[in-house]
Amino acid sequence: MDIIKEGVQHVTGLRLNLRLVQSEDADYIFRLRTDPAFNTHLSAVNGTADDQRRWIENYKVREARGEELYYIIERLDGVRCGTVRLYDISAGSFTWGSWILDSNKPRKAALESAVLSFSIGFDELSLERGLVAVNIGNDRAEAFYRRLGMIETHRSAHEIFFVYPRAKFEADRAGYRAILGEVTGE
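The structure displayed is predicted, hence computed values, not measured ones. Residue positions are given per chain, counting from 1 as you read along its sequence in written order. Confidence filtering applies because this is a predicted model: local features only for residues at pLDDT of at least 70, side-chain atom pairs given and counted only at 80 or more, and all residues used for totals across whole chains, interfaces and linings. Just so you know, side-chain values use all the structure's heavy atoms and leave hydrogens and water out.

A. Here's a closer look at the pattern of salt bridges. Each salt bridge in this description consists of a side-chain nitrogen of Lys or Arg and a carboxyl oxygen of Asp or Glu lying within 4 Å of one another. Here the structure, examined in full by the defined rule, presents 19 salt bridges. Where R75 meets D77, a salt bridge forms, and the shortest distance between an N and an O atom there is 2.8 Å. Only protein chains enter the accessibility calculation, which uses a 1.4 Å probe; a residue whose area is less than 20% of its type maximum is buried, one above 50% is exposed, and one in between is partly exposed. In this structure R75 comes out as partly exposed when scored by relative accessible area, which is 24%. What makes D77 exposed here is its relative accessible area of 55%. Put simply, E152 and R146 hold a salt bridge, and the shortest N to O gap is 2.5 Å. A relative accessible area of 36% places R146 in the partly exposed class. The network of salt bridges with common partners includes R19, D25, E74 and R80.

Put into structure tokens, the structure is as follows:
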């Protein structure tokens, strides 16, 4: 399935852009993922920035097949401030994760990056469910997901699993836009 179309390559919001990851982003991603200030709740990273670059090259194959979309989150001035990924893309759902925001993020970056990336899954890919797993103990992320209205489906010893229905996102979109300061006209 080839889903790479213009609407998923680059998305612009009020304060942020999402653009697909390139191999040139490997050093940034490696630094972000190995920084103790940001990696407490991430899977462990082994290797080097060159290993990250090779991972991105392999990811680009999955991207071309429409299985995964990995984004760099940037401020409108082009300064990188995070990552987010849609993966395990299937006929009805996607998994949302690899979400990291660094200290360069602007105000309201958490909500805006979430709205932009879920819009890709729901609007551009026409999928019905976003799936999210959060490590137990990542209280800030868990609280954020609950505020968005995600529904807890189950738990393991280490993670809490949520589903985010497209209908819930669509029902709340105007409210998110108002919080972000968009003029909606809706």
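That was the structure; now back to the text.
B. Layout of the nonpolar core. Remark: nonpolar core denotes a set of buried residues (Ala, Val, Leu, Ile, Met, Phe, Trp, Tyr, Cys) joined through side-chain atoms within 4.5 Å. With 49 residues, the main nonpolar core has L69, Y71, L86, W96, F118 and Y145 as its most contacted residues. Looking at this core, the element that brings in the most residues is helix α4 (residues 109-124), giving eight residues. Here, two residues are considered to be in contact whenever any of their heavy atoms come within 4.5 Å of each other. Beyond its immediate stretch of four places on either side in the chain, Y71 contacts V8, Q9, L18, R19, L20, V21, G82, T83, V84, L86 and I120. Secondary structure follows DSSP: runs of H or I at least 4 residues long count as helices, runs of E at least 2 residues long count as strands, and numbering of each begins at the N terminus.

C. Structural view of the pairing of strand β5 (residues 93-101). Counting buried positions along β5 gives eight out of nine residues, so the element sits mostly inside the fold. Here, any two strands with at least 2 DSSP bridges between them count as paired. Where strand β4 (residues 80-87) and β5 come together, five bridges link them in antiparallel fashion. Opposite Y87, over in β5, you have T95 as the bridge partner. Two successive antiparallel strands, β4 and β5, enclose a turn made up of five residues, where D88 displays a positive phi of approximately 50°. As defined by bridge partners, β5 adjoins strand β6 (residues 129-135) across three bridges and the pair is classed as parallel. By the bridge assignment for β6, S93 is matched with R129.

D. Summary view of helix α6 (residues 166-180). Here α6 contains 15 residues, and its C-alpha end-to-end distance of 20 Å stays within 8% of the 21 Å for a straight helix at 1.5 Å per residue. Throughout, bend refers to the angle between the axes fitted to the seven residues that end at a position and the seven residues that start at it. Helix geometry: α6 is bent most strongly at R173, by close to 45°. Listed as buried for α6 are R166, F169, R173, Y176 and L180. Close packing links the buried residues of α6 with α4, α5 (139-148) and β8 (159-165). Once α6 ends, the next one or two residues include G181, with phi positive near 95°. Here, expected helix span is obtained from the residue count minus one, scaled by 1.5 Å.

E. Layout of the packing of aromatic side chains. Under the pairing criterion, centres of Phe, Tyr and Trp rings, with the six-membered ring standing for Trp, must be within 6.5 Å; the plane angle then separates stacked pairs below 30 degrees from edge-to-face pairs above 60, leaving the rest tilted. Scanning all chains against the criterion turns up 19 aromatic pairs. Centre to centre, the rings of F94 and F122 are 5.4 Å apart; their planes meet at 65°, and the pair counts as edge-to-face. Of the two residues, F94 sits in strand β5 while F122 sits in helix α4, which places them 28 residues apart along the sequence. Its relative accessible area of 0% is what places F94 among the buried residues. Ring centres of W96 and Y145 lie 5.9 Å apart, and the angle between their planes is 85°; on these two criteria the pair is classed as edge-to-face. With W96 in strand β5 and Y145 in helix α5, this residue pair connects regions lying 49 residues apart in the sequence. For the pair W96 and Y145, a shared accessibility class is recorded, and that class is buried. Members of the aromatic cluster, each reached through a chain of ring pairs, are F94, W96, W99, F118, F122, F144, Y145, F162, Y164, F169 and Y176. In this structure, R62 packs its charged tip against the face of W55, placed 5.0 Å from the ring centre. Charge over a ring is defined by NZ of Lys or CZ of Arg lying within 6 Å of the ring centre and within 35 degrees of the ring normal. Seen from the ring of Y87, R85 lies directly overhead, with NZ or CZ sitting 4.0 Å from the centre.

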